[in-house]
Amino acid sequence: YRDLHTFELQASTRLIEWARGNRVCVAGYGQCDGNEILQLIPPPTLTKETQGLCPERDFKVECGGFSERPVYSLKYVPDTSLLVTSGPPDSSLQVWQVSAEDSDVIKSVSTIATENGTGQSWAKIATISARAPWVLHGSRLDRVQITEVESRKNVYTATSQGSEELSSLAFLDCNLLLLCCATGQLCLADTRQPQGLVEAVPAPSAPCSEHWCMGTRHAAQGSQPNSQPVARLSSRGLLALTDLRKTSEFLAMAKARVPSPGSGAEFLCVSWAPALEGYLAISGFDGTVHVYDTQSWDSSGREAEPIFVHKGHTFGGAGGSRDPPLVTVHTWHLQKPRTLLSAASDGSLHVWDWVQPCGKC
């Protein structure tokens with residue numbers, strides 16, 4: 001490692017979200033009441049341009065609140081002080097206000113109810129503020145909509161003949177939406193189409209029992225929003241890269257060197273490095289996070305060698321749990337190329353930066 005920071009949370013977390021001012025938001029997913037939502041100030045070494053000796057090497061809690069329901073998804077609404085969360089027992093959304101500097105409270109301000117939301121699984125969400133603060137949300141392919149966060153007005157509904165369970169949602173830009181079904185099928189929707197039709201992109205050929213998630217990367221300035229590859233990860237560790245401009249074939253396929261998840265696929269996570277071309281990270285199989293360089297991959301689907309494996313969570317954390325911790329989520333630092341944050345089921349939160357091997361970028 002070049003650098004490693006650890007922080008112990010009071011409960012398990014499955015969420016890490018960057019907020020304004022280089023802050024980090026986390027939330028608990030326990031089934032009991034009183035799940036914490038916290039906004040943390042990162043260590044100075046994570047925000048300073050130059051690395052050096054710093055007296056403080058820990059995260060600090062800046063403000064927080066409590067959710068009466070488990071928080072399974074949390075998104076910061078860009079250019080606002082709002083957070084949107086979702087979680088069981090239905091597909092409704094909760095909107096939170098991160099308080100001003102004179103207060104340390106994150107308070108609930110509204111609920112976005114969904115049509116026929118009762119009995120539906122929790123909603124996957126994505127946010128954007130290109131036109132107004134919007135949230136894209138849905139639990140199934142035929143129940144996807146965009147809601148204006150502050151007015152709670154529905155501004156778009158995507159229609160589809162299918163009702164597959166969704167695993168991931170993303171804004172490619174303010175008009176294009178990308179949806180990933182648990183079966184691995186990708187779907188594109190355009191808000192400029194009045195009918196809200198969804199165009200399907202085939203799923204990789206794999207056993208029907210596999211569960212899939214996706215990771216998208218923001219397009220570079222001046223490029224088309226669909227010009228960046230989409231990564232899909234299956235519960236057996238299969239990785240498929242797709243160019244949305246040419247969906248009839250895969251850019252590349254590879255098999256990650258990971259164990260099959262023993263308790264479902266609810267924590268599967270794949271993400272592109274925002275400041276490092278061709279690099280992605282995966283987690284959700286055990287207590288590790290794997291980083292891969294995809295630039296040499298082809299369509300053979302052979303096993304790929306990770307360039308780095310973070311094993312810090314496997315050495316125990318808060319609570320002294322006997323069960324091996326499971327990494328529940330990870331995310332990349334927005335500016336520092338090789339810096340990642342990861343959280344585990346034992347309440348441990350890690351920030352780490354690996355040393356790049358000689359001869360690499």
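Parameters and conventions
- Going along each chain's sequence as written, the residues are numbered from 1 onward.
- With pLDDT at 70 or above as the cut-off, local features in this predicted model cover only qualifying residues; side-chain atom pairs require 80 or more to be listed or tallied, and sums for whole chains, interfaces and linings still use all residues.
- Derived side-chain values reflect all non-hydrogen atoms in the structure, with water molecules and hydrogen atoms excluded from consideration.
- Throughout this description, the term nonpolar core refers to a set of buried Ala, Val, Leu, Ile, Met, Phe, Trp, Tyr and Cys residues connected via side-chain atoms within 4.5 Å.
- Working definition: with a 1.4 Å probe on protein chains only, accessible area under 20% of the residue-type maximum means buried, over 50% means exposed, and in between means partly exposed.
- When checking whether two residues touch, look at their non-hydrogen atoms; a contact exists if any pair is within 4.5 Å.
- By definition, two strands form a pair when at least two bridges between them are found by DSSP.
- Strands are runs of DSSP state E lasting at least 2 residues, helices are runs of H or I lasting at least 4, and numbering of each runs from the N terminus.
- The convention used is that axes are lines fitted to C-alpha atoms, helices contributing only their stretch in contact, and that angles between N-to-C directions extend from 0 to 180 degrees.
- Two rings from Phe, Tyr or Trp (for Trp, the six-membered ring) form a pair when their centres are within 6.5 Å of each other. A pair whose planes differ by under 30 degrees is stacked, one over 60 is edge-to-face, and the rest are tilted.
- Put simply, a charge is over a ring when the Lys NZ or the Arg CZ is close to the ring centre, within 6 Å, and near the line of the ring normal, within 35 degrees.

The protein chain is annotated in an unreviewed UniProt entry as WDR73 protein from Rhodinocichla rosea.

*Asks:* Let's hear about the nonpolar core: which residues, and what values?
*Replies:* Residues Leu-233, Leu-239, Val-270, Leu-280, Ile-282 and Trp-297 are the most contacted members of the largest nonpolar core, which totals 19 residues. Setting aside chain neighbours within four positions, we find Leu-239 in contact with Arg-232, Leu-233, Ala-252, Met-253, Ala-254, Ala-256, Val-270, Leu-280, Ile-282 and Trp-297. The next biggest cluster of nonpolar side chains, apart from the first, holds 18 residues, and it includes Ile-146, Ala-158, Cys-181 and Cys-187.

*Asks:* Outline the sheet that holds strand β26 (residues 327-332), supporting the account with residue identities and numerical values.
*Replies:* If you trace the 4 strands from one edge of the open sheet to the other, you get β1-β28-β27-β26, paired in antiparallel fashion. Both edges of this open sheet fall to β1 (3-8) and β26, since each of them pairs with a single strand only. Strand-to-strand twist of the sheet, defined as the mean angle between neighbouring strand axes without regard to direction, takes the value 15°.

*Asks:* Would you mind going over the sheet that holds strand β9 (residues 106-112) in detail, with residue names and values included?
*Replies:* Across the sheet, 4 strands lie side by side as β6-β7-β8-β9; this open sheet has antiparallel pairing. At either end of the open sheet lies a strand with only one pairing partner, and these are β6 (73-76) and β9. Taking the axes of each pair of neighbouring strands and ignoring which way they run, one obtains an average angle of 25° across the sheet. Pairing between β6 and strand β7 (residues 82-86): 4 bridges, direction antiparallel. Along β7, the bridge assignment pairs Lys-75 with Val-84.

*Asks:* So what's going on with the environment of Ala-189? Which residues, and what values?
*Replies:* Its location among the elements puts Ala-189 in strand β16 (residues 186-190). On the basis of relative accessible area, Ala-189 is assigned to the buried category, the value being 2%. Taking the C-alpha atoms as reference points, Ala-189 and Leu-177, 12 residues apart in sequence, are found 5.1 Å from one another.

*Asks:* Before we move on, could you go through the side chain of Ser-110 and cite the residues and values that matter?
*Replies:* You can see Ser-110 is positioned in strand β9. In this view, Ser-110 contacts Leu-93, Gln-94, Val-95 and Arg-152; residues no more than four positions away in its chain are not counted.

*Asks:* Tell me about the packing of aromatic side chains, and name the residues and values.
*Replies:* The geometry of an aromatic ring pair is captured by two quantities: the separation of the ring centres and the angle between the planes. Under the definition given, this model contains 8 aromatic pairs. Arranged with centres 6.2 Å apart and planes meeting at 70°, the rings of Trp-332 and Trp-354 form a pair that is edge-to-face. A residue pair is termed long-range when its members are at least 10 positions apart, and Trp-332 in strand β26 and Trp-354 in the segment after β28 (348-353) qualify at 22 residues. By relative accessible area, which is 0% here, Trp-354 ends up buried. Taken together, the aromatic side chains of Tyr-1, Phe-308, Trp-332, Trp-352 and Trp-354 make up a single cluster linked through ring pairs. A cation sits over an aromatic face here: Arg-14 above Tyr-29, 6.0 Å from the ring centre. The residue whose ring lies beneath Arg-14 is Tyr-72, and the NZ or CZ to ring-centre distance is 4.2 Å.

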